[in-house]
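Here is how the chains run, residue by residue.
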Amino acid sequence: MERKNTGNEAPWHSFFGPNLGYVMEWYDQYQEDPESIDPEVKAFFDEWGTPPSLNKSSSQNEGVGVDYTDPAQIEKIATAVKLATYVRTYGHLYASIFPLEKNKTEMALLKLENFDLTEEDVKRIPPHVLCPNAPDHIKQKDGLAAYHYLIEVYTKKIAFEYQHVHNREENAWLKEMIESGKIYRSLSADKKKSVLKRLTQVEGFEQFLHRSFVGQKRFSIEGVDMLVPLLDEVVEHAVHNLTKSINIGMAHRGRLNVLAHVLGKPYELIFSEFQHAPNKEVVPSEGSIGISYGWSGDVKYHLGADKHISEQDQSFKTRLTLANNPSHLEYVNPVVEGYTRAVQDDRTGAGYPSVDSTASLAVLIHGDAAFPGEGIVAETLNLSGLNGYHTGGTIHVIANNKIGFTTESVDSRSTKYASDLAKGFEMPIIHVNADDPEACLAAAYLAFEYRKKFKKDFIIDLIGYRRFGHNEMDEPSATQPKTYELVRVHKTVKTLYAEQLQKEGVVTEEDVKAINEKIDDRLQEAFSKTPDKKSFQPQEVPEMPERQLPPIETAVDGEQLLALNDQLVKWPEGFSVFKKLQKILEKRATNLKDNGKVDWSLGEALAFATILKDGTPIRLTGQDSERGTFAHRHIVLHDEKTGDVYSPLHTLEDVNVSFAVHNSPLTEAAVVGFEYGYNVFAPETLVIWEAQFGDFANAAQVIFDQFITAGQAKWGQKSGLVMLLPHGYEGQGPEHSSARLERFLQLAAENNWDIANVTTASQYYHILRRQAALLKHDDIRPLVIMTPKSLLRNAHSVSYLDDLSKGEFKQILQEETTGKQKEKVERIIMCSGKVAIDLRDTVQKQEEEIDSVHILRVEELYPFPLAQAREILAQYPNLKELVWVQEEPKNMGPWSYAYPRLQEIVPEGVEIGYVGRRRRSSPSEGDPTVHKKEQERIVNEALKLTNHVLRR
């Protein structure tokens, strides 16, 4: 028999039912003749003595009167264990977690009688059977004490949901932390005073704003004031653990208070913004607080800030960032996750970046209506466990005031709690009463420790109320009269905690008064320095004409390209590439070496290889980006026998930067937001997002509208993000034709991004290299590329080695087969994208040369190449028509954008015309035959081929 020594505690709880019966039989033998039993068993009895059911003098915690051979008593024990599990699982239903609700719900599910148990039944059970992690003073009692202890633990002002966390180690750790009481650390008197002081600052700031700026929106934090001390606690733990950066994302409510007290934004600056007289001079000159500005600016409750925090010895600094965020609530979530992963990735070595999740922490603050209501929340939660996107656990705080604008919870979600969405991702959830400061600090501690140990997300549902309306101009009693009867008489958390600390003897009434006066004096002092808005002169926004980028050398020596290409078609010995793919890759190498041909995929691979060689890391993501949606890329190879993966871009010679390529989840908004955030925090990295089809970008429109296009103008936040959007009409129907080019052009202004529609491998190669070279340049901006589908393998998109080694990106390409005799040209076609290839293909099939028409491909649409276009048009003396040709409907594509620019460049007396599809509500035909006929009409009309005969 194996001996189990558990220290001073007898191991009898290890034996139940029949097993205990055998032990008692052996004990009878032991009493009659100790030498007649197994020596190990004898030694066990020698050490531990009489079994509890035979020892009438044993203590209660050994189970007085329990007969472990009696099936009825065994059933009682099993039922009591089931009851304990119910308490853990459903205790949150009866917890005092709602500040405005004073009476606890009757605990119907957790009563002894509902389980056919009496107090005497439970008393007989050893307490460790029901609560093995209970404190010693409970273990020394009986099972009834353990039951009452569990009720207390799971139904007070902090409630726990973790039974949906199926990992046994995580579940056991959470249970032990909660039931042992470890989450409640002993708080010193100084710590309690500091929390009271912070709550006084939080409340005093809001009340001062309420008095000083009557009727102005501020989206007050009041009702969930503990959000600020809770964030303080998380930040303190992170700094102590030497976290390099902490990134916070939140919407409006409480944002000004978080800026003031967590980020340290000066009161003077916030007050000046209320006066509509921003005073940048009050920002601390030492640079500990960073607040960036764009030229258009944004409202005060959208702005972010940076702060650097040092440990006590000043040897380590943590960057604390509150992300800029527009009114689109939760859309900042993936942006913050991107910030965080960018810090965690070490991009200074070849291959995938190494990830250190301890380097950075994401904290996301959600609204209780927005968390279940906005789909971007679920999209972002889904990123948390994915290889290319995980950040080692995010701490989520739901600032829960139980109302969304004027909408009650029963009208805004179909779940009991705002946090229920997270259960599907097996994230632990704490519901905590925002009127209990010490419970809130315990929640913050548990969240941080769980994240630290398990590298997973954690949810804190901070349940409070909203003291005023959605904004301070609303009267909430109009829609929630009963609720606001309670709110008006409800004491603030600062008052409640001050009363508690006075009872504990931690502070006196005079101490509380002195804290209030000191904080009020500080606010009054800051207000006295606020500029008078009457004397404020707004800064004029500088004129920003469409500005071309400076010349960038993008050519690479041909010998170097050949050497790189050799490396791109090599793989480790014994690695079995899929046979059909192996032939394709080997053909690439042969084509380049023998005749210098570069197809689209090879041009991209060589661009990536040379960019890496130049020392610029690359991150590429999209729903099928490893292989490419159209099976053209194959940048990650799979061993057909073992399933192992390998990328040639990870083993290039003399490359010391990372290349990350990840197949993304089936989502656009969260992934685009993540990549944007990643790029903002890793500006030296070429970050590329690729849509599976261009129209899929529709689902990320908020990220484009609010962050990518306007981030610099609003917040001074630059980005060099590249977006690849497959676009072109091949008869695949409305949803797989258009990347909605017109939307990107409509958003183009103030040099906010470049928009290209490239048609050759070399053009694609050069524009990627140009973007990589610009990453450290002041003129860096995002790049939108309409990429091809059918043109990926079209002979007209093929380039040559010389184009890569000697060429550069050209904003306009002139068709080589037209315009040879300039005096004969009467019509010039300007077009962009795939339709240019259709025109070229048709021209080449003509029996007679078309002298009167010349074709210009506009490869970069924004900024529009006005000067270059004028120069080209001036070379054709007999020009009569300038025609814009497109395959998109007239109300889509570039026409509406291009027309006023054509008016700027057209020579006097030359007419401007349009050839393309008529105005439509749907982007394209749904039938391929109809599409083909319409496409032929557009091409023939553009080339005036009514009387021409096509070669067959």
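Cut-offs applied
- Residues numbered from 1 in each chain as written.
- Predicted model: local features only at pLDDT ≥ 70, side-chain atom pairs only at ≥ 80, totals over all residues.
- Heavy atoms only, no water.
- Helix = DSSP H or I, 4+ residues; strand = E, 2+ residues; numbered from the N terminus.
- Expected span 1.5 Å × (residues − 1).
- Buried < 20%, exposed > 50% of the residue type's maximum accessible area, 1.4 Å probe, protein only.
- Phe/Tyr/Trp six-rings, centres within 6.5 Å; stacked < 30°, edge-to-face > 60°.
- Lys NZ or Arg CZ within 6 Å of the ring centre and 35° of its normal.
- Contact = heavy atoms within 4.5 Å.
- Pairing = 2+ DSSP bridges.
- Axes fitted to C-alpha atoms, helices over the stretch in contact; angles between N-to-C directions.
- Polar contact = N/O pair within 3.5 Å; in protein donor to acceptor, adjacent residues only side chain to side chain.
- UniProt positions renumbered as here; feature names shortened; annotations may be inferred.

Draft legend 1. Summary view of helix H28 (residues 761-774). Helix length check: H28 (14 residues) gives 20 Å between terminal C-alpha atoms against 20 Å at 1.5 Å per residue, within 8%. Of all 14 residues making up H28, 13 are buried, and the element is well covered by its neighbours.

Draft legend 2. Expanded view of the environment of Pro572. Looking at the element boundaries, Pro572 is found in the loop between helix H21 (558-568) and helix H22 (579-595). For Pro572, a relative accessible area of 38% gives the class partly exposed. It is 9.4 Å that separates the C-alpha atoms of Pro572 and Pro648, two residues lying 76 residues apart in sequence.

Draft legend 3. Representation of the packing of aromatic side chains in the model. Scanning the entire structure with this criterion turns up 30 aromatic pairs. When the centroid spacing of 6.1 Å and the interplanar angle of 15° are considered together, the rings of Tyr267 and Phe271 count as stacked. Here the residue Tyr267 and the residue Phe271 both occupy positions in helix H12 (residues 267-274), the gap between them amounting to four residues, near one helical turn. Neither Tyr267 nor Phe271 differs from the other in exposure class; each is buried. Within the aromatic cluster, the residues linked to one another by ring pairs are Phe205, Phe208, Phe213, Tyr267, Phe271, Phe274 and Phe527. Its end group placed over the ring of Tyr417, Lys416 keeps NZ or CZ at 5.5 Å from the ring centre.

Draft legend 4. Spatial organisation of the environment of Leu230. Among the structural elements, Leu230 can be located in helix H10 (residues 227-240). For Leu230, a relative accessible area of 0% translates into the label buried. In this structure, the C-alpha to C-alpha distance between Leu230 and Pro437, residues 207 residues apart in sequence, is 8.4 Å. Discounting chain neighbours no more than four positions away, the residues touching Leu230 are Val397, Cys440, Ala444, Ile460 and Leu462.

Draft legend 5. Spatial organisation of the sheet that holds strand S24 (residues 812-814). Pairing within the open sheet is mixed, and its five strands lie in the order S24-S26-S25-S28-S29. In this open sheet, the two strands that pair with only one neighbour each are S24 and strand S29 (911-917). Within the sheet, the average angular offset between the axes of one strand and its neighbour, ignoring direction, is 25°. Relative to strand S28 (residues 881-889), strand S25 (residues 827-831) runs parallel, the two being bridged by five bridges. Each residue of the ladder has a partner; that of Ile829, found in S28, is Val883.

Draft legend 6. Spotlight on the side chain of Ser832. Of note, Ser832 is situated in the loop between S25 and helix H30 (834-844). The exposure class assigned to Ser832 is buried, which follows from its relative accessible area of 7%. Separated by 3.2 Å, the side chains of Ser832 and Asn757 make a polar contact. Of the polar contacts made by the side chain of Ser832, one reaches the backbone oxygen of Val858; its length is 2.8 Å. Every residue in contact with Ser832, bar those within four places of it in the chain, is listed here: Asn757, Val858, Leu861, Trp884 and Val885.

Draft legend 7. Quick look at the UniProt feature "domain: Transketolase-like pyrimidine-binding" (unreviewed entry) in the protein chain. The UniProt entry lists residues 598-794 under the feature "domain: Transketolase-like pyrimidine-binding" (unreviewed entry), expressed in the numbering used here. Annotated as 30% helix and 17% strand, the span residues 598-794 places its first and last C-alpha atoms 12 Å apart.

Draft legend 8. Main features of the pairing of strand S9 (residues 394-400). Among the seven residues that make up S9, seven are buried, leaving the element largely enclosed by the rest of the structure. Every second residue of S9 is oriented toward a common face, with Thr394, His396, Ile398 and Asn400 on one face and Ile395, Val397 and Ala399 on the other, all of them buried. Note that strand S8 (residues 360-367) and S9 share six bridges and pair parallel. Bridge assignment links Ala362 to a residue of S9, and that residue is Thr394. In this structure, S9 lies alongside strand S13 (residues 458-463), joined through six bridges in parallel fashion. Residue pairing across strands places Ile395 opposite Phe458, the latter belonging to S13.

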